[in-house]
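So you can see what is in the structure, the chains are spelled out below.
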Amino acid sequence: MSKPTATHYEVIVIGAGVAGIYQIKRLVDLGVDATVLEMSADLGGTWYNNRYPGARFDSESYTYGYSFSRELLDEWHWREAYSSQPENLKYLNFVADKFNLRPYMQFNCRVESAHFDEDADLWRLHVSDGRDLTCRFLALGLGLLSQPTLPRIEGREDFQGPAFHTYYWPHEGIDLKGKRVGIIGTGATAIQVIGAIAPEVGSLHVFQRRANWAAPLNNYEISAEKMAEIRARYDEIFETCKRTPGGFEHEPDRRGFYEVSREERIKLWDRLYDEPGFGIWLQNFREIFTDEEANAEFSEYIAERIRRRVKDPVTAEKLVPRDHGFGVQRVPLETNYYEAYNLDHVHLVDVAETPIERITARGIKTTAQEYEFDVIVYATGFDAITGAFDHIDIQGVGGEKLRDKWRDGPQTYLGMFIHGFPNLLMPAGPQSGSASTNYPRGIETGVDWCTEFMQYVWANGYTRAEATAAAEARWTRHVEKMYSTMLMRKAKSWFTGYNSNVEGHEAGKIRYFVYNGGSPKYVSTINMVAEQGYEGIELTGAPEPQQAARSGG
Ligand code: NAP
């Protein structure tokens, strides 16, 4: 399809994922001249790219979908409680088509640079297809886990068979029946892949560096009757999501861990382990996240569940994490993950014990032996949160580079603004309410807030909006402080900016990526900022309301 000839837009949105789709919907409804630039060949973001077997929500499907349109809620039937990637992509396409959003999206457009023009109060973008575009507002929906990272292991190019990161699972699929497969990683992605492919492959070797706590997803199909029931409850469901810290239906157990007997605690955990979804993590006692002793007791409970499911005691012990407790890293939800290790052709290779030396033409060589494979899968994670930002040359006032400013971690105001980078909005940015909660719930809040903010700017004829240095420092300190009570600060995970495959992100320095105050507190804070006339944001430019720049669309 030929690209539009326009070179200026009031708003350019980067990314046609869950955030970008809703952001453009809001702008189109307002008649704002806006477009989305997406580097992939089509929309969907994470659900366009992650096509590995087993990829599915681990939020309840009906709490993950958009809530903004009653009609949409009435028309879409979620087939499973935790819907799979193909269905999720179908859903996002359904949304885009229903609201006629495709004409406002441009694909195969990678934004290479975005520089702020201080004289004109505009962003100047250079796109991979050679075009130069300008916009007043730049809204970034880049995705928080959209920059995959490959392991820094020698010899990756030597392997003769197919080898790929899970994010780049071949779109045409790959037949793994009877194949010898090696997979590196045991994060949420690997845990989904392993459960899904174990029964069909010829052999599977899982290269585990650190074990990861996981709990059952307990997925189920949603019948027409059940869907009707969900539809009737949608208002109540979304109200609950607004009220809970994680933006889910799961509400934390408000009783004190030490106020109830051990028998009572076990009773709760037995129930939660068998229930669908994140309840085991989010309906638990709050001390699990902050109190070493409480966390250790609960972790031991989960370890016992693992031992009950894995027949070989040596393998079972290797699958029990030793370096962190349950729930201080993002908890993967699994389907038949532990049972996979009961299959004779599935093997766990402990690479903490026998490290990988190199990838060879035939497979993976550890200090103990060389393993031969037909296919190698890298489930090795992402340059999380700031990775996608770092890959665009974003320059603000005085040519300051965002990747320099954020070298030691993000600094933001409300997770939506960056001092020195005027007119740049992050509806779902680092340190916002999105990253640590049910993502789309946070996204809708962020997009609505940013849209209303732009309307305010337009209505008052301002041309430049920038968070003050003081407001940014205050917010960043606030986000940092919330980590201080959380056990998660001690874990090597993307929540704290750890990634052994990204220079400077090896363990050691915490990056304060996510807002841990919970969704209700975040929403009340940003709403208060708006009510106080956007306190902390400096607005300049001649007030000319009649020129409020909503030029068609
Ligand atoms: P991840 O959690 O960062 O896991 C990466 C895995 O690769 C870890 O086990 C890591 O080991 C291992 N690894 C990396 N480099 C290695 C190396 N050089 N040698 C050996 N092992 C290596 O990444 P992910 O599994 O892709 O998950 C990332 C996030 O995506 C999740 O936390 C979740 O938020 C999201 N996700 C969501 C869903 C969903 O919603 N349904 C599904 C999948 C993922 P170490 O632990 O030792 O570093």
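Values in this document were obtained by computation on a predicted structure and should not be read as measured data.

Caption draft 1: Fine view of the overall build of the protein chain. Of regular secondary structure, the protein chain possesses 17 helices and 20 strands. Taken against the 2.2 N^0.38 rule, which gives 24 Å for 553 residues, the C-alpha radius of gyration of the protein chain at 24 Å falls within 12% of a compact globule. Once the C-alpha set of the protein chain is aligned to its principal axes, its extents read approximately 75 × 60 × 50 Å. Within the span of the protein chain, comprising 553 residues, buried residues form 58% of the whole. Taking contacts inside the protein chain between residues at least 6 apart in sequence as the whole, the part at least 24 apart equals 72%. As presented, the protein chain carries roughly 22100 Å² of accessible surface, and 48% of it is formed by carbon and sulfur atoms.

Caption draft 2: Region of the structure containing the side chain of Thr-244. Of note, Thr-244 is situated in the loop between helix H7 (224–243) and helix H8 (262–274). A relative accessible area of 1% means that Thr-244 is categorised as buried. Of note is the side chain of Thr-244, whose polar atom sits 2.6 Å from the backbone oxygen of Phe-248. Setting aside its immediate chain neighbours within four residues, Thr-244 contacts Glu-249, His-250, Glu-251, Ser-519 and Pro-520.

Caption draft 3: View of the sheet that holds strand E13 (residues 356–359). Taking strand neighbours across the sheet as the criterion, the three strands line up as E13-E14-E15 in an open arrangement whose pairing is antiparallel. Since the sheet does not close on itself, it has two edges, and those belong to E13 and strand E15 (370–372), each with one partner. On average, adjacent strands in this sheet sit at an angle of 20° to one another, irrespective of strand direction. Here three bridges tie E13 to strand E14 (residues 363–366), and the two strands are oriented antiparallel to one another. Across the sheet, the residue bridging to Ile-356 is Thr-366, located in E14.

Caption draft 4: Looking closely at the pattern of salt bridges. As enumerated under the stated definition, the model contains 52 salt bridges in all. For Lys-25, the salt bridge is made with Asp-29, and the minimal N-O distance between the two is 2.4 Å. Here Asp-29 and Lys-25 lie together in helix H1 (residues 18–29), a separation of four residues that amounts to about one turn. Note on Lys-25: relative accessible area 8%, which makes it buried. Residue Asp-29 is classed as exposed on the basis of its relative accessible area of 52%. Notably, a salt bridge pairs Glu-292 with Lys-490, separated by 2.4 Å at the nearest N-O pair. Residue Glu-292 is located in helix H10 (residues 292–309), and its partner Lys-490 is located in the loop between helix H16 (469–483) and helix H17 (519–531); the two are separated by 198 residues in the primary sequence.

Caption draft 5: Molecular detail of the packing of aromatic side chains. For the structure shown, the criterion picks out 48 aromatic pairs. Look at Phe-68 and Phe-99: their rings are 5.4 Å apart centre to centre, the planes differ by 50°, and that puts the pair in the tilted class. A residue pair is termed long-range when its members are at least 10 positions apart, and Phe-68 in the loop between helix H3 (61–64) and helix H4 (70–75) and Phe-99 in the loop between helix H5 (85–98) and strand E3 (105–106) qualify at 31 residues. When the centroid spacing of 4.9 Å and the interplanar angle of 75° are considered together, the rings of Phe-453 and Tyr-534 count as edge-to-face. Separated by 81 residues along the polypeptide, Phe-453 in helix H15 (residues 439–459) and Tyr-534 in the loop between H17 and strand E20 (537–540) bring together distant segments of the chain. Tyr-534 shares its class with Phe-453; the two are buried.

What counts as what
- Residues numbered from 1 in each chain as written.
- Predicted model: local features only at pLDDT ≥ 70, side-chain atom pairs only at ≥ 80, totals over all residues.
- Heavy atoms only, no water.
- Helix = DSSP H or I, 4+ residues; strand = E, 2+ residues; numbered from the N terminus.
- Rg over C-alpha atoms; globule rule 2.2 N^0.38 Å.
- Buried < 20%, exposed > 50% of the residue type's maximum accessible area, 1.4 Å probe, protein only.
- Contact = heavy atoms within 4.5 Å.
- Areas by Shrake-Rupley, 256 points an atom, 1.4 Å probe, with all protein chains shown as cover.
- Polar contact = N/O pair within 3.5 Å; in protein donor to acceptor, adjacent residues only side chain to side chain.
- Pairing = 2+ DSSP bridges.
- Axes fitted to C-alpha atoms, helices over the stretch in contact; angles between N-to-C directions.
- Salt bridge = Lys/Arg side-chain N within 4 Å of Asp/Glu carboxyl O.
- Phe/Tyr/Trp six-rings, centres within 6.5 Å; stacked < 30°, edge-to-face > 60°.

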